[in-house]
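Examination of the molecular architecture
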Amino acid sequence: MSKVAIALVHGHTPKWTQTSLFYFKTKKNKCESKIFVGLTWPEHPSVKAITETSLGDGVTLVATERHNYHARSLDEILDVVIEDGSFDYMFTTETDCRAVIDGWLDWFVEKMDADPEVGIVGWYWDEGRNHQNINPSATLYRVSMLKKYHEETKNNKSNVFYHLGRTEIREVHDSKGVFSEKRGFKNPTPEQLKYVESG
């Protein structure tokens, strides 16, 4: 049976944390899961909904190095998930997402389990050119794939950014892992280049 880390980032819609957690905890799934909450706004009163009520039972809080930064929080949750070593998948979400039916997580896991070559199952987000992606607001990732790219990103000390045939030298301070990586592809494959050029 697959084991899933549910990574919920607190901060974008902090007042909805209680609602979101309630639904993720009460909707039943066959697969085993554990909820991790990245505290991107730790001083916000809504954090008490986790720390001072039974809603927080079994929930792991992950303090973030940089506040109000969603991607960095996901990187820091991934660090904890990788260190734990027992998770097959990581489902990333935000507090404005709800689980509305039993088996919601099983649906994602079944898609992933059906093909070992699939690394991501999620919502496709299209906001026009240069902003099309698999949205981490409701996406299941294979942890082995994330771990590989997470380590590559952390070990990459280059401050060169590659974007559609042009390069720039910038100070790299935001990139602490695969979710906050912004440096682009140095030598994209034809398939990667097709997607980069299309958005």
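Residues numbered from 1 in each chain as written. Predicted model: local features only at pLDDT ≥ 70, side-chain atom pairs only at ≥ 80, totals over all residues. Heavy atoms only, no water.

The next subject is the overall build of the protein. The helix and strand tally for the protein stands at 6 helices and 8 strands. In the protein, which comprises 199 residues, the share counted as buried stands at 40%. Contacts spanning at least 24 positions in sequence make up 70% of the contacts within the protein whose residues lie at least 6 apart. (Helix = DSSP H or I, 4+ residues; strand = E, 2+ residues; numbered from the N terminus. Buried < 20%, exposed > 50% of the residue type's maximum accessible area, 1.4 Å probe, protein only. Contact = heavy atoms within 4.5 Å.)

The next thing to look at is the packing of aromatic side chains. For the structure on display, the rule yields 7 aromatic pairs. Aromatic pair Trp-107 and Phe-108: ring centres 5.0 Å apart, planes at 85 degrees, arrangement edge-to-face. We classify Phe-108 as buried; its relative accessible area is 12%. Ring centres of Tyr-141 and Phe-179 lie 5.3 Å apart, and the angle between their planes is 85 degrees; this geometry places the pair in the edge-to-face category. Of this pair, Tyr-141 sits in strand S6 (residues 132-142) while Phe-179 sits in the loop between strand S8 (166-169) and helix H6 (190-198), and the two are 38 residues apart along the sequence. Considered together, Tyr-141 and Phe-179 belong to a single accessibility category, that of buried residues. Pairwise contacts between aromatic rings join Phe-24, Phe-91, Trp-104, Trp-107 and Phe-108 into one cluster. (Phe/Tyr/Trp six-rings, centres within 6.5 Å; stacked < 30°, edge-to-face > 60°.)

Glancing now at the side chain of Lys-3. By secondary structure assignment, the location of Lys-3 is in strand S1 (residues 3-10). For Lys-3, the contacting residues outside a window of four places in its chain are Glu-32, Ser-86, Phe-87, Asp-88 and Tyr-89.

The next subject is the packing of helix H3 (residues 70-84) against helix H5 (residues 143-155). As a packed pair, H3 and H5 sit with axes 11 Å apart at the nearest point and diverge in direction by 115 degrees. Crossing handedness for the pair H3 and H5: left-handed. Facing Asp-75, Leu-78, Asp-79, Val-81 and Ile-82 of H3, the residues of H5 in contact are Val-143, Leu-146, Lys-147, His-150 and Lys-154. In terms of residue class, the contact of H3 with H5 is built from 5 nonpolar, 1 polar and 4 charged. (Axes fitted to C-alpha atoms, helices over the stretch in contact; angles between N-to-C directions. Left-handed = near helix turned anticlockwise from the far one by under 90°. Nonpolar A, V, L, I, M, F, W, Y, C, P; charged D, E, K, R; others polar.)

Time to look at helix H1 (residues 17-26). For H1, the full list of buried residues reads Thr-17, Ser-20, Leu-21 and Phe-24. For H1, the angular spread of the buried residues around the axis is 95 degrees, confining them to a single face. (Arc of directions from axis to C-beta.)

Enumeration over the complete set of coordinates arrives at 2 salt bridges. Where Lys-154 meets Asp-79, a salt bridge forms, and the shortest distance between an N and an O atom there is 2.7 Å. Placement of Lys-154 in helix H5 and of Asp-79 in helix H3 is noted, with a sequence separation of 75 residues between them. Under the relative-accessibility criterion, Asp-79 is labelled partly exposed at 27%. (Salt bridge = Lys/Arg side-chain N within 4 Å of Asp/Glu carboxyl O.)

Let us now look at the confidence of the model for the protein. Chain-level statistics for the protein give a pLDDT mean of 83 and a share of 80% at 70 or above. Taken element by element, the protein is modelled with least confidence in S8, mean pLDDT 62, and with most confidence in helix H4 (residues 104-113), mean pLDDT 96. (pLDDT = per-residue confidence, 0-100.)

Glancing now at the nonpolar core. Among the nonpolar cores identified, the biggest contains 24 residues, and Val-4, Leu-21, Val-37, Phe-91, Trp-104, Leu-105 and Leu-140 are the most heavily contacted of them. The next biggest cluster of nonpolar side chains, apart from the first, holds 17 residues, and it includes Val-9, Phe-36, Ala-71 and Ile-77. (Core = buried A, V, L, I, M, F, W, Y, C linked by side-chain atoms within 4.5 Å.)

In this section: the environment of His-10. Residue placement: His-10 occurs in strand S1. Relative accessible area serves as the criterion here: at 0%, His-10 is assigned to the buried category. Put simply, His-10 and Tyr-69 are 59 residues apart on the chain and 9.9 Å apart in space, counted from C-alpha to C-alpha. Those residues within four positions of His-10 in sequence are excluded, and the remaining contacts are Thr-17, Val-37, Gly-38, Leu-39, Thr-40, Trp-41, His-44, Ser-46, Val-47 and Thr-95.

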